[in-house]
Amino acid sequence: MLARAARGTGALLLRGLNILIPVLDRIRYVQSLKEIVINVPEQSAVTLDNVTLQIDGVLYLRIMDPYKASYGVEDPEYAVTQLAQTTMRSELGKLSLDKVFRERESLNASIVDAINQAADCWGIRCLRYEIKDIHVPPRVKESMQMQVEAERRKRATVLESEGTRESAINVAEGKKQAQILASEAEKAEQINQAAGEASAVLAKAKAKAEAIRILAAALTQHNGDSAASLTVAEQYVSAFSKLAKDSNTILLPSNPGDVTSMVAQAMGVYGALTKAPAPGAPHSVSSGSSRDVQSTDASLDEELDRVKLS
């Protein structure tokens, strides 16, 4: 869509049928109402931290009022381009170099707002502004590259240290859990072993008590003394087969070959014990039993003295 301004009358000619007076009226300005794209030339700008940049951009605008665009400014495109360059330098002076790269969107929006405020009286509206290229000095570029590499090495070192830390923590946690499980297993093993030993002791005690009861019942029967004498004789012979196997010190009776005498002494001691009075009962011991016990004690004393002298 085109809009024409007629010279002389200052009238605005729109599309359709328009009447011009020859000699007095003629077409002076032709304005396009389409969106216009303008390349902003490259320019130098200094940032807040005193770094010189070479920057260019692209400007998108539209003529909203053809009359103001024709009679409000001599060259609207040139005016908007110069306004964009000065606004760009002004906005860059407020930012440091790092923020220029991080805040390009906000920088574009600030430039558009500044251009619209100034170009409102020209009948022009800036739709958007885009920064094309930002060129930094070679030394600054090298410094930025070194900074990026240092930052990457720092992140790599931090990640490696965190990995080492996590690994050490995992190993420590594993050892801790292993020790806890081992101690619990040892505790359970000791408890089970103690319970087993207690059960074994109790079973042995019950078996021994039952054996004693059976033996006592057998001794009270007919020929019980003879059976006891036979058992003592067997144990006596078995004991002689094990002499000097566990220790060099041997305790022998005066007549080790006389099994009958040894059995008689053992049965005499057994008879003296079985005939011992109960607690609170009158003390009455036969002379024969006393003599047997005394003779047994005397023979044991003689054997001990002989062992000591040897």
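Just above, that's the structure.
About the criteria used
- Residues numbered from 1 in each chain as written.
- Predicted model: local features only at pLDDT ≥ 70, side-chain atom pairs only at ≥ 80, totals over all residues.
- Heavy atoms only, no water.
- Phe/Tyr/Trp six-rings, centres within 6.5 Å; stacked < 30°, edge-to-face > 60°.
- Lys NZ or Arg CZ within 6 Å of the ring centre and 35° of its normal.
- Helix = DSSP H or I, 4+ residues; strand = E, 2+ residues; numbered from the N terminus.
- Expected span 1.5 Å × (residues − 1).
- Buried < 20%, exposed > 50% of the residue type's maximum accessible area, 1.4 Å probe, protein only.
- Contact = heavy atoms within 4.5 Å.
- Salt bridge = Lys/Arg side-chain N within 4 Å of Asp/Glu carboxyl O.
- Arc of directions from axis to C-beta.

(A) Just the packing of aromatic side chains, in detail. With the rule as written, the count across this model stands at one aromatic pair. The positively charged end of Arg 128 is found above the aromatic ring belonging to Tyr 60, 4.2 Å away from the centroid.

(B) How the structure looks around helix α2 (residues 76-92). Taking 1.5 Å of rise per residue, 17 residues should cover 24 Å, and α2 covers 24 Å from first to last C-alpha, within 8% of that figure. Buried within α2 are the following residues: Pro 76, Ala 79, Val 80, Thr 81, Leu 83, Ala 84, Gln 85, Thr 87, Met 88, Glu 91 and Leu 92. As for α2, its buried residues are in contact with β4 (35-46), β5 (52-63), α1 (66-71), α3 (97-102), α4 (104-118) and β6 (124-135).

(C) Spatial organisation of the pattern of salt bridges. Under the counting rule described, the total for this entry stands at four salt bridges. Linking Lys 94 and Glu 91 is a salt bridge whose minimum nitrogen-to-oxygen distance equals 3.7 Å.

(D) Main features of α4. For α4, spanning 15 residues, the distance from its first C-alpha to its last is 21 Å, which sits close to the expected 21 Å at 1.5 Å a residue. All of the buried residues in α4 are Leu 107, Asn 108, Ile 111, Val 112, Ile 115 and Asn 116. Summarising the axial view, the buried residues of α4 lie within an arc of 165°, below the 170-degree limit, and thus occupy one face. Close packing links the buried residues of α4 with β5, α2 and β6.

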